[in-house]
Amino acid sequence: MNDVADSYFAQEQHVPREEKLEQVLLRCVDRLRQQMPIHGLRNPKIGTAGNRWIYCDGPDWVMSFLSGQYWLAYQLTGDAAFRNAVQARRPDFQTILEHYRYRDHDLGFQFSLHSVADWQLTGDREARDMGLKAAFALLNRFRPEGDYIQAWSPTGPHDRAKAAFANGRMIADTMQNLGLLYWATRETGIREYHEVAEAHAITCANTLVRADDTSFHTFLFDPASGEPLRGETHQGYADQSCWARGQAWLMHGFTQCYVNSGNRAHLDVARRLCAKAEALIGDATLPVWDFNLPDTAEPYIDSSAAAVMASGLLLLSRQDIDPQEAERWYTFAIRLLNGLVDQCDLTCDPQAQGLLAHGAAHVPAGRCDAMLPYGDYYFMEALMRVQGHERFFW
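Residue indices begin from 1 for each chain and proceed along its sequence in written order. Where totals are concerned, whole chains, interfaces and linings use all residues; where local detail is concerned, this predicted model gives features only for residues with pLDDT of at least 70, and gives and counts side-chain atom pairs only at 80 or more. Values shown for side chains rest on all heavy atoms present in the structure; no hydrogens or waters enter the calculation.

Another aspect to go through is unusual backbone geometry. Even without being a glycine, D147 presents a positive backbone phi close to 60 degrees. In this structure, D147 sits in the loop between β3 (142-143) and β4 (148-149). Of note in this structure, H358 is not a glycine but carries a positive phi near 65 degrees. What counts as a helix is a DSSP run of H or I of at least four residues, what counts as a strand is a run of E of at least two, and both are numbered from the N terminus. When you line up the elements, H358 lands in the loop between α14 (323-343) and α15 (373-386).

Given two aromatic rings, one states the distance between the centres and the angle between the planes to describe the pair. Aromatic pairs are defined between Phe, Tyr and Trp rings, using the six-membered ring for Trp, whenever the two ring centres lie within 6.5 Å; interplanar angles under 30 degrees are classed as stacked, those over 60 as edge-to-face, and all others as tilted. Tallied over the full model, the rule gives 20 aromatic pairs. Geometrically, the ring pair formed by W61 and Y374 is tilted, given 4.8 Å between the ring centres and 35 degrees between the ring planes. On the criterion of sequence distance, the pair formed by W61 in the loop between β2 (53-55) and α3 (65-77) and Y374 in helix α15 is long-range, its members being 313 residues apart. Through a chain of ring-to-ring contacts, the aromatic side chains of W61, F65, F109, W249, Y374, Y377, Y378 and W394 assemble into a single cluster. Note on geometry: a ring has a charge over it if NZ (lysine) or CZ (arginine) is within 6 Å of the ring centre and within 35 degrees of the ring normal. Sitting over the face of the ring of F165, R169 holds its NZ or CZ atom 3.9 Å from the ring centroid. Residue placement shows R210 over the ring face of F216; its charged tip is 4.0 Å from the ring centre.

Looking now at the confidence of the model for the protein. A residue's pLDDT is the predictor's confidence in that residue, given on a scale from 0 to 100. With 95% of its residues at a pLDDT of 70 or more, the protein has an overall mean of 94. The contact criterion used throughout is that any non-hydrogen atoms of two residues lie within 4.5 Å. Scored below 50 in pLDDT, residues 1-15 makes 10 contacts in the model with residues more than four places away or belonging to other chains.

Salt bridges, as used here, are contacts in which a Lys or Arg side-chain nitrogen is within 4 Å of a carboxyl oxygen on Asp or Glu. The tally for this structure, following the rule as stated, stands at 20 salt bridges. Here D268 and R271 are joined by a salt bridge, their closest N and O atoms 3.4 Å apart. Taken together, the residues span about one helical turn, with D268 and R271 both in helix α12 (residues 264-281) at a distance of 3 residues. Each member of the salt-bridge network shares a partner with another, and the members are R90, D118, D124 and E126.

It is worth spelling out α12 at this point. Any helix carries an expected span of 1.5 Å times its number of residues minus one. The end-to-end C-alpha distance of α12, which contains 18 residues, comes to 26 Å, matching closely the 26 Å that a straight helix rising 1.5 Å per residue would cover. In the core, the buried residues of α12 are packed alongside α9 (179-188), α10 (191-207), α11 (244-261), α13 (303-317) and α14. By the criterion applied in these results, polar contacts are pairs of N or O atoms within 3.5 Å in which, for protein atoms, one can donate a hydrogen and the other can accept it, and in which residues neighboring in sequence qualify only through two side-chain atoms. Capping the start of α12 is the job of one residue whose side-chain oxygen sits 3.0 Å from the backbone nitrogen of A265: N263. Just past α12, the residue G282 takes up positive phi, approximately 60 degrees.

Along the chain, S67 falls in helix α3. Residue contacts for S67: discarding those within four places in its chain leaves V86, R89, F93, L113 and H114.

Here's what the structure looks like:
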């Protein structure tokens, strides 16, 4: 029997697990439909202790993740209510395009899941135009002196400390935003979008990814010369620690870059990052929020990191790699998803408004053990990948 056949028959052992996860996915869709009239036009930001949502107050990097969930549900069901709920939010996203102070490196999160998805699933030309405007704005955040995309915007003379912190800084999260740039090249034929995405990814591999395949959350460059200065953290435990969701963004992001570009260097980085995450998680079924915590720190689990990792691992398992390695990543993803279902799944709790408990948004700032809209989105994305879906918005 050849390797392809071996791989095919090896998949048979996963059928019961896939059926279990299919039921969870259907419950996610039911929860979204049930909560739609409660959300109205509001976008979830973070959950409360009672698993109720606190909503975004104006433009926010997380505002698109409910849109993304609605589009996944629309893709699964064809129910126009999900489409209408996203398109009714269009003015909120127009606000970002019209006011520069609302724009940063998270344009990919915001517009891939809102506007690009709309264009891909409905053919709406206005949605396409919004996605291209967002891609152009993201392109213009590129700093050629250091070959990176500036993460946050310096806020000017009224907050000099924040401006000094933000200027010259890239962060791990941006890797998951690059899909917007690759998409813009496919739509327009303009190679500059692709070239900037590639340049940023290469710089990220050379700076954020350490020699031992752990990762910094952020990296600082001299704003004038582009000289690399040092790695730091913003949401992790310490500058030299490894923030779990940062590792997750890189795992998914580098895999996605490979899918978009065919550049095997990105695939190799993704494989290294996934292997390191596997070693750091060990026998556990879910990651703690940072992999280098002292005994005195609370080891909160981060369901959002697990969901992002699981989706990235499933994507990696479908690439041009050895079948045994593909099985390794698939099995790791299923372990994480089973951990989420066993410990974090809220879809059987009629009082909960979201899908997953125990997300760690920003532990040093006190935002931990909560529902998170991005955890919910990537949970659905991963559950759909398990079922064989391949059409997403990155």
